[in-house]
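# Fold and geometry: a report
In case you want the letters, here they are:
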Amino acid sequence: MPMDEEAAIDPVSILRDIEESCRLCNTRDLQQPAEIFSEWSGIAFRVRNNYLLAPLDEVVEILDMPKLARVPLAQPWVRGIANIRGNLLPVVDFSGLLGGEVAAVTERTRVLVIDYDGIYSGLIVDEVYGLKHFMEGERADETPEVDGFLLPFIRNEYRRDGRVWYEFSLFMLADTPQFLKTAV
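Presented here is an overview of the structure given in this document. Keep in mind it's a predicted model, so treat the numbers as computed, not measured.

On to the packing of aromatic side chains. With the rule as written, the count across this model stands at nine aromatic pairs. Aromatic side chains Tyr116 and Phe171 sit 4.3 Å apart centroid to centroid with 20° between the ring planes, which places their arrangement in the stacked category. Here the residue Tyr116 occupies a position in strand β6 (residues 110–116), and Phe171 occupies one in helix α3 (residues 170–174), the gap between them amounting to 55 residues. Ring geometry for Phe153 and Phe168: centres 5.4 Å apart, planes at 50°, overall tilted. With Phe153 in the loop between β9 (139–140) and β10 (154–160) and Phe168 in strand β11 (residues 163–168), this pair connects stretches of sequence that are 15 residues apart. Residue class for Phe153 comes out buried when judged on its relative accessible area of 8%. Connected via pairs of aromatic rings, a cluster forms that spans Phe45, Phe94, Phe153 and Phe168. Against the face of Phe134 rests Arg160, its NZ or CZ located 4.4 Å from the ring centre. The ring of Tyr51 carries the charged tip of Arg163 above its face, separated from the ring centre by 3.8 Å.

Below is the structure:
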């Protein structure tokens, strides 16, 4: 059955129309700048009344409080050594190390493990809240209101739902002579 010219479908013309339509849509989209959201993520934890964040790349593991072997003639904030899968992990009390009182161990107590520049160590914290994500708009540029012993290690401050979270560098802490001076 022969088709007349009006009834004939020209697939090439249809494809050209679709291509032109797509080209116009893409041109309009490119004229409007895309929104780029910057996000920062960290491990949220608490030491006394301070809500802190450790950068993800500074924490290799989070442990429940392990059994510890005491270390004789060590600073009071050195809580002991733990055997973690065959590796000896020195464990220090975060608060005690920085001049505060040694923390009481509860069911919420955790150990943040760092492995930095040959220093494999655990830091006892009061509680870990898990992973937190903050948008750039939640970052504040105010003077931190934390315990004074934490100030040298604070990088940024984030605010969310009425709570202030401070980005704390565990690596900067590990670089201090005080961190390595464990003997009495």
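A few words on the side chain of Glu58. The topology assignment puts Glu58 in the loop between β2 (50–55) and β3 (61–64). Judged by relative accessible area, which is 2%, Glu58 ranks as buried. A polar side-chain atom of Glu58 sits 2.7 Å from the main-chain amide nitrogen of Leu170. Non-local contacts of Glu58, meaning those with residues more than four positions away in its chain, are made with Val113, Ile114, Arg155, Phe168, Ser169, Leu170 and Phe171.

Let us look at the sheet that holds β3. Reading across the sheet, the five strands line up as β3-β6-β7-β5-β4 and stay open at both edges, with mixed pairing between neighbours. The open sheet has two edge strands, β3 and β4 (78–84), and neither has a second partner. Geometrically, the sheet is characterised by an average inter-axis angle of 30° between neighbouring strands, direction not taken into account. Alignment of β6 against strand β7 (residues 119–125), held across seven bridges, turns out to be antiparallel. In the sheet register, Asp115 faces β7, and the bridge partner there is Tyr120.

Cut-offs and rules
Residues numbered from 1 in each chain as written. Predicted model: local features only at pLDDT ≥ 70, side-chain atom pairs only at ≥ 80, totals over all residues. Heavy atoms only, no water. Phe/Tyr/Trp six-rings, centres within 6.5 Å; stacked < 30°, edge-to-face > 60°. Helix = DSSP H or I, 4+ residues; strand = E, 2+ residues; numbered from the N terminus. Buried < 20%, exposed > 50% of the residue type's maximum accessible area, 1.4 Å probe, protein only. Lys NZ or Arg CZ within 6 Å of the ring centre and 35° of its normal. Polar contact = N/O pair within 3.5 Å; in protein donor to acceptor, adjacent residues only side chain to side chain. Contact = heavy atoms within 4.5 Å. Pairing = 2+ DSSP bridges. Axes fitted to C-alpha atoms, helices over the stretch in contact; angles between N-to-C directions.

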